[in-house]
Amino acid sequence: MIMAKRRISLFKIIVLTFVLVFMAGSVGAAYIFYSILSMDGLPDGEIALTSTFYDKYGDPLTFMAVENRIIVPLEEIPLELQQAVIAVEDAYFYDHFGVNLISIGRAALRNIQSGRVVEGGSTITQQLAKNRFLTHDRTFHRKAEELILTLHLERTYTKDEILNEYLNIIYFGHGNYGVEAASRHLFDKSVHELTLAEAALMAGIPRGPGYYSPLIEGNEEASRRRQEHVLSRMVEQEYITPQQKQDALEQELIFRSSPARRERPAAYFIDYIVNHHLVGRLELEREDIYRMGLNIYTTLDPSMQRAAEKALREGLEGYAGSYVDEQGIRQPQGSLVAVDPTNGHVRALVGGLDFQESNVNRAAGSRRQPGSAFKPFLYAAALESGYTAASKILCEPISIPIPGSDKNYEPTDYGGDFHHRHLTLREAVTKSCNVSAVKVHMDIGPEKTMEYAQKMGIKSRMSPLPSLALGTYEVTALEMASAFIPLANRGIASEPVLVTRVTDHRGRVLWEAENNQTIVLDERAAYILTDILKGVLGPQGTASPVHNIFNRPAAGKTGTSSGPNSLYMVGYTPQLVASVYVGDDHGRSLGAGETGGRVAAPIWANFMAEALRDYSPQEFPVPDGIIRVTLCEETGLIQSSRCTGPTTSEIFIRGTEPREECGEEICPHVEPEQPRWPWPIPQLPWFR
């Protein structure tokens, strides 16, 4: 059994020093004794710690480190591993004062015979002193310094504290320091989950990682023999029985696979956190992140992240106009961002096809024109400024003077055509009529459109110009996803959250996310606009290709910039909002006929289908104050009892629905009123 905690007393140091005087000469030992007494503390020996990123479930996602090291307390290290290390490295660890005189004598004899330092009799405490504070030079002067620090460590700390520190700093090869990092690298599990067989194999590695690491080809037999040696030493020390040793040797060990090309998971997501949150918000130096042992708790959902990477990759793999640019980067590129609308937590973020090929983050760092995907901000403003889903807008050529310019702004629809008729606001959105959008935009005022875009989540620079309605100002895919949150979440906006909290290696909270939710829309207006945007994904909408891929209640909007050189699709369900961008890094046209509906929308649909595979479909909740009215399709008014024309059903905020009936003066389907008999009909008895 491992003995209780004990720290060396000053008396024992004095006794040991006199023994050393006898052995090595009075001058050297007196110097050591004086050095120990005069030390106020240990020298600086700060070790670099591994910073760990966790996913939304609290599971490790990836690490950043100069030396891959994860500090764990002794109580989380299995007793079998502690005993294995002691048995093979320092069997009398709990009995000596930091120095094993028999081992030193044996090593000294060999060193004198050789005329140089060829062997050490180092205890665990001595190895800790060397690895924590000194170089690995094999000189007598360094050995004297090691002895001073060893005795001071034993004087200052308990045996358990020394063992814990040692187990957290010892090198296991492959860039891994400490038992936790080594356990994860070797067996893909935390150290507290190790079996006796795994603990024995691991305990044997520090003596020579290059010889005993089982992950190095050709080391399998040496690693196995070393494991058997450790188990034999444990039997000798009566830590285990011979039967336990035999059982451990018969256990099949399963090692973590080590692919030749290891790319950091969610690389664009992690890179954005490092630059935006840790360096930008916490004002850390990038180098600090590799040394401070931070715990960064993120909002990432690993399965959604994998679905996002797959959807983007497969959506662009077979793209007809793809090519490789002069930097060796595939074009076009793309991005995908997915956000939980209930709290703003970013569940997936992909900034390109391959981070190692190009680290440009097209999801959060590159701005592109969203085109018509911007229109929901305009129509949200319109619905809160007196418009309804049934409002009529004439789609015909218009010319708008531009202050300070001799040219007018003359918007056209896709392909340069016009509908040349009145469209309801619902139709204008579903068909993505540009002329109707600009007319509404100018009617409510460009400043109003900009105000709504900003409060819903757009942070990029904009100006209140006529063209703003058509998404001519550049934004990021992350902005677009977060700005659609109020539509998916009853008018409530949320700041995008990628990190929930950051702690140091002791668990102290350094930063924690706040709840930044605000009501920016009347939930009834948000519901009506969502109901309209559901039609965009229907057979008559601009995102009709998604209908057969993603068949559950959803809404969204496509966008195609001029050129076209950027394509967008932003869509949502009550559970998830996702934004997809596709475009050429160099601004080249993607080709005539390419639209957000044809290219970006299928990527969005494939992602959403996979991401929500385990979630039950949900309808958008209908808020109080929404009514449905049957209207005359010709006039948009309440259908008269004499109207024989087609009808349509529309939803309204109670009090905004039409009150007037269609009449024969404005509706060709209203039958003339029949003339009444001028005299009263007598009430004769036989007619009763």
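Residues numbered from 1 in each chain as written. Predicted model: local features only at pLDDT ≥ 70, side-chain atom pairs only at ≥ 80, totals over all residues. Heavy atoms only, no water.

Participant: Can you lay out the pattern of salt bridges for me, pointing to particular residues and giving the numbers?
Facilitator: Throughout the structure, instances matching the rule amount to 24 salt bridges. When the shortest N-O distance is used, the salt bridge between Glu650 and Arg426 registers 2.6 Å. In this pair, Glu650 sits in strand β22 (residues 647-653) while Arg426 sits in helix α17 (residues 425-430), placing the two residues 224 residues apart along the sequence. Residue classification places Glu650 among the buried residues on the basis of a relative accessible area of 5%. Salt-bridge contacts for Arg642 lead to Glu664; the nearest nitrogen and oxygen are separated by 3.6 Å. Here Arg642, found in the loop between β21 (626-632) and β22, pairs with Glu664, found in the segment after β22; they are 22 residues apart in sequence, far enough to count as distant. Among the charged side chains, a salt-bridge network with shared partners connects Arg426, Asp531 and Glu650. (Salt bridge = Lys/Arg side-chain N within 4 Å of Asp/Glu carboxyl O. Helix = DSSP H or I, 4+ residues; strand = E, 2+ residues; numbered from the N terminus. Buried < 20%, exposed > 50% of the residue type's maximum accessible area, 1.4 Å probe, protein only.)

Participant: Describe the packing of aromatic side chains, and please don't skip the residues or the numbers.
Facilitator: Counted according to the given criterion, the structure contains eleven aromatic pairs. Ring geometry for Phe484 and Tyr572: centres 6.2 Å apart, planes at 65°, overall edge-to-face. Highlighted residues: Phe484 in the loop between α20 (477-483) and α21 (485-488) and Tyr572 in strand β19 (residues 566-572), separated in sequence by 88 residues. Residues Phe484 and Tyr572 agree in their burial class; the two are buried. One aromatic cluster in this structure is built from Phe374, Phe377, Phe484, Tyr572 and Phe620. Looking at Arg226, its charged tip hangs above the ring of Tyr212, at a distance of 5.2 Å from the centre. Its guanidinium or amino end placed over the ring of Tyr452, Lys455 lies 4.0 Å from that ring's centre, counting from NZ or CZ. (Phe/Tyr/Trp six-rings, centres within 6.5 Å; stacked < 30°, edge-to-face > 60°. Lys NZ or Arg CZ within 6 Å of the ring centre and 35° of its normal.)

Participant: I'd like a rundown of the side chain of His345, residues and numbers included.
Facilitator: Following the sequence through the fold, His345 ends up in the loop between β8 (333-339) and β9 (346-350). Residues contacting His345, with those up to four places away along its chain left out, are Thr299, Ala338, Val339, Asp340, Val497 and Thr500. (Contact = heavy atoms within 4.5 Å.)

Participant: Quick one: what's the story with helix α19 (residues 446-456), residue by residue and with numbers?
Facilitator: Residues of α19 that are buried: Pro446, Thr449, Met450, Tyr452, Ala453 and Met456. Considered in projection along α19, the buried side chains sweep an arc of 165° and stay on one side of the axis. In this fold, the buried residues of α19 make contact with α16 (375-383), α18 (434-444), α20, α21 and β14 (492-494). (Arc of directions from axis to C-beta.)

Participant: Summarise the sheet that holds β19; cite the residues concerned and give the values.
Facilitator: Read from one edge to the other, the open sheet built from five strands follows the order β9-β8-β20-β19-β18, with strand pairing classed as antiparallel. Each edge of the open sheet carries a strand with a single partner, namely β9 and β18 (555-560). In this sheet, neighbouring strand axes are inclined to one another by 5° on average, regardless of whether the strands run parallel or antiparallel. As defined by bridge partners, β8 adjoins strand β20 (residues 577-583) across seven bridges and the pair is classed as antiparallel. What sits directly across from Ala338, in β20, is Ala578. Together, β8, β9 and β20 form the strand contacts of helix α15 (residues 302-317), whose direction differs from that of β9 by roughly 30°. (Pairing = 2+ DSSP bridges. Axes fitted to C-alpha atoms, helices over the stretch in contact; angles between N-to-C directions.)

Participant: I'd like a description of the nonpolar core, backed by residues and values.
Facilitator: Ranked by size, the top nonpolar core spans 126 residues in total, and within it Trp604 and Phe607 carry the most contacts. Considering every element that reaches this core, the biggest residue donor is helix α23 (residues 596-611), with nine residues. Here Phe607 is in contact with Met304, Ala307, Ala308, Ala311, Leu336, Ala338, Leu576 and Ala578, once residues within four sequence places are set aside. One finds Ile77, Leu167, Phe172 and Ala200 within the second-largest nonpolar core, a separate group that totals 48 residues. (Core = buried A, V, L, I, M, F, W, Y, C linked by side-chain atoms within 4.5 Å.)

Participant: If you had to explain the sheet that holds strand β5 (residues 295-298) to someone new, which residues and values would you point to?
Facilitator: Here we have five strands laid out as an open sheet, ordered β2-β1-β5-β15-β16, and mixed in their pairing. Each edge of the open sheet is held by one strand with a lone partner, namely β2 (60-64) and β16 (509-512). Taking the axes of each pair of neighbouring strands and ignoring which way they run, one obtains an average angle of 15° across the sheet. Across three bridges, the pairing between strand β1 (residues 51-54) and β5 is parallel. Paired with Thr52 across the two strands is Asn295, which belongs to β5.

Participant: How would you summarise helix α11 (residues 220-236) if you had to cite specific residues and measurements?
Facilitator: Helix length check: α11, at 17 residues, gives a terminal C-alpha distance of 25 Å against a target of 24 Å (1.5 Å per residue), a fit within 8%. For α11, the full list of buried residues reads Ala222, Ser223, Arg226, Gln227, Val230, Leu231 and Met234. On the buried face of α11, the contacting elements are α3 (79-89), α9 (196-203), α10 (209-212) and α12 (242-250). In the segment just after α11, Glu238 is the residue with positive phi, at about 60°. (Expected span 1.5 Å × (residues − 1).)

Participant: Tell me what's going on with the pairing of β20, and back it up with residues and numbers.
Facilitator: Most of β20 is tucked away, with seven of its seven residues classed as buried. Neither face of β20 is left uncovered, since the one carrying Val577, Ser579, Tyr581 and Gly583 and the one carrying Ala578, Val580 and Val582 both have all their residues buried. Relative to β20, β19 runs antiparallel, the two sharing seven bridges. Bridge pairing in β20 places Tyr572 opposite Val577. Counting the residues that bridge the hairpin from β19 to β20 gives four residues.

Participant: Provide a residue-level description of the packing of helix α8 (residues 179-187) against α9, including the pertinent values.
Facilitator: Interaxial distance between α8 and α9 falls to 11 Å at its minimum, and their mutual angle equals 115°. Taken together, the axis directions place α8 and α9 in an arrangement best described as roughly perpendicular. Where α8 crosses over α9, the two elements pack in a sense that is right-handed. Touching Val179, Ala182, Ser183, Leu186 and Phe187 of α8 are Glu198, Leu201 and Met202, all from α9. (Parallel < 35°, antiparallel > 145°, perpendicular 65-115°, else oblique. Left-handed = near helix turned anticlockwise from the far one by under 90°.)

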